[in-house]
Amino acid sequence: ISIPTGEGTGFLAMQGGGTDGTYGYFIMVTSGNSAVAMSTIYKIDLHTWKIVKTSKPLHMYHANDLAYDSKHHRLVVSHCDLVPDQVSIVDPDTLEIIEVKTIPQKHFSIAYNAQRGMYVVGKSKTYDLVLLNDDFDPVKLLPGEDGHIKQGIACDPEYIYFFQTGVRNNWIFVYDWDGGY
């Protein structure tokens, strides 16, 4: 797939993404200034790698990460820095915001695991991870390893993958659901 970025395109960078197994959902943000940034979600067919739907520009601040919640059939977008306790709930069929929700945990990234019925978020201003239930209530704190520039999170039933970047290298820190590193 090709989604142009850089000067003249209106997009600064891809922020986060998630999948329902059939489609990938990717967020492109228009500005480094979170207060005015607009984001577009691209829905990609993972078999053909074609864009099948594009959202209108959505105000989701930094929109640092996105999780597909299969239990509730929704996309959950982390707002990140300016309003770290908010998420946008997005309909994966229409790619429209259904609700902006304030949750109890300030965070910078988010992932969801249907088998566990749990979200995992990166706790704001730390390298720690927090497990949240389906209602976004904190369940458990997992102390994290200090590292580099914090990015997104992904997970499966066995592990949590915490992505970090640096000047020349990228890292994936892998944790189990009990916090083992």
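Thresholds applied
- Residues numbered from 1 in each chain as written.
- Predicted model: local features only at pLDDT ≥ 70, side-chain atom pairs only at ≥ 80, totals over all residues.
- Heavy atoms only, no water.
- Helix = DSSP H or I, 4+ residues; strand = E, 2+ residues; numbered from the N terminus.
- Buried < 20%, exposed > 50% of the residue type's maximum accessible area, 1.4 Å probe, protein only.
- Contact = heavy atoms within 4.5 Å.
- Areas by Shrake-Rupley, 256 points an atom, 1.4 Å probe, with all protein chains shown as cover.
- Lys, Arg positive; Asp, Glu negative; His and termini not counted.
- Charge placed at Lys NZ, Arg CZ, Asp CG, Glu CD.
- Core = buried A, V, L, I, M, F, W, Y, C linked by side-chain atoms within 4.5 Å.
- Salt bridge = Lys/Arg side-chain N within 4 Å of Asp/Glu carboxyl O.
- Phe/Tyr/Trp six-rings, centres within 6.5 Å; stacked < 30°, edge-to-face > 60°.
- Pairing = 2+ DSSP bridges.
- Axes fitted to C-alpha atoms, helices over the stretch in contact; angles between N-to-C directions.
- Polar contact = N/O pair within 3.5 Å; in protein donor to acceptor, adjacent residues only side chain to side chain.

Peer 1: What should I look at first to understand the overall build of the chain in this one?
Peer 2: Scanning the chain from N- to C-terminus turns up zero helices and 15 strands. By its C-alpha atoms, the chain is 45 × 35 × 30 Å across when sized along the principal axes. The buried share among the 181 residues of the chain stands at 46%. Excluding contacts between residues fewer than 6 apart, the proportion of contacts in the chain whose partners are at least 24 apart in sequence is 34%. Split by element, the accessible area of the chain, about 8,900 Å² in all, is 50% carbon and sulfur. Side-chain charges of the chain comprise 14 positive and 21 negative groups, with the mean position of each set lying 3 Å from the other.

Peer 1: Help me out: how do you make sense of the nonpolar core in this one?
Peer 2: Within soluble globular proteins, side chains that are nonpolar generally end up buried alongside one another. Among the nonpolar cores identified, the biggest contains 16 residues, and V120, L129, L131, I153, I160 and F162 are the most heavily contacted of them. Elements that contribute at least two residues to this core include exactly β9 (107-113), β10 (118-123), β11 (129-132), β13 (149-155), β14 (159-165) and β15 (170-176).

Peer 1: Hey, could you run me through the pattern of salt bridges in this one?
Peer 2: Pairing between side chains of opposite charge can happen when the charged atoms of each approach one another. All told, the structure shown has three salt bridges when counted by the stated rule. Across the pair R74 and D69 runs a salt bridge whose closest N-O atoms are separated by 3.1 Å. The exposure class assigned to R74 is buried, which follows from its relative accessible area of 14%. Exposure remark for D69: the relative accessible area of 0% places this residue in the buried category.

Peer 1: Looking at this structure, I do not really get the packing of aromatic side chains. What am I missing?
Peer 2: Centre distance and the angle of the planes are the two values used to describe a pair of aromatic rings. Applying the stated rule across the entire model yields six aromatic pairs. An angle of 25° between the planes, with centres 5.8 Å apart, marks the rings of F173 and Y181 as stacked. With a relative accessible area of 8%, F173 lands in the buried category. The class of Y181 is exposed, set by a relative accessible area of 57%.

Peer 1: Would you mind going over the pairing of strand β2 (residues 23-29) with me for this structure?
Peer 2: Successive side chains on a regular strand alternate, one facing one side of the sheet and the next facing the other. Taken across its seven residues, β2 has six buried, putting it largely inside the fold. Judged from the five bridges that link them, strand β1 (residues 13-19) and β2 form a sheet pairing that is antiparallel. Following the sheet pairing, T19 is matched in β2 by G24. If you look at the hairpin formed by β1 and β2, you'll find three residues sitting between the two strands, and G21 has a positive phi there, around 100°.

Peer 1: How do you make sense of the sheet that holds strand β7 (residues 86-90) when you look at a structure like this?
Peer 2: Note on sheets: strands pair through backbone hydrogen bonds, and any given pair is parallel or antiparallel. Taken in spatial order, the four strands of this open sheet run β5-β6-β7-β8, and their pairing is antiparallel. Only two strands of the sheet have a single partner each, and these edge strands are β5 (65-69) and β8 (97-102). For this sheet the average axis-to-axis angle between neighbouring strands, irrespective of direction, equals 25°. Sheet topology places β7 next to β8; five bridges connect them, and they run antiparallel.

Peer 1: Quick question: what am I supposed to make of the environment of D69 here?
Peer 2: Within the secondary structure, D69 is located in strand β5. Residues D69 and Y25, 44 residues apart in the sequence, show an inter-C-alpha distance of 12 Å. Leaving out residues up to four positions away in the same chain, D69 has contacts with R74, Y112 and Y119. At 2.9 Å, the side chain of D69 forms a polar contact with the side chain of H72.

Peer 1: Can you walk me through the sheet that holds β1 in this structure?
Peer 2: In space, the four strands of this open sheet follow the order β1-β2-β3-β4, with antiparallel pairing throughout. Unpaired on one side and paired on the other, β1 and β4 (51-54) mark the two borders of the sheet. The average undirected angle you get between the axes of adjacent strands in this sheet is 25°. With three bridges connecting them, strand β3 (residues 39-45) and β4 associate as antiparallel partners. Counted as the bridge partner of K43 is K53 from β4.

Geometric values such as these leave the question of function open.
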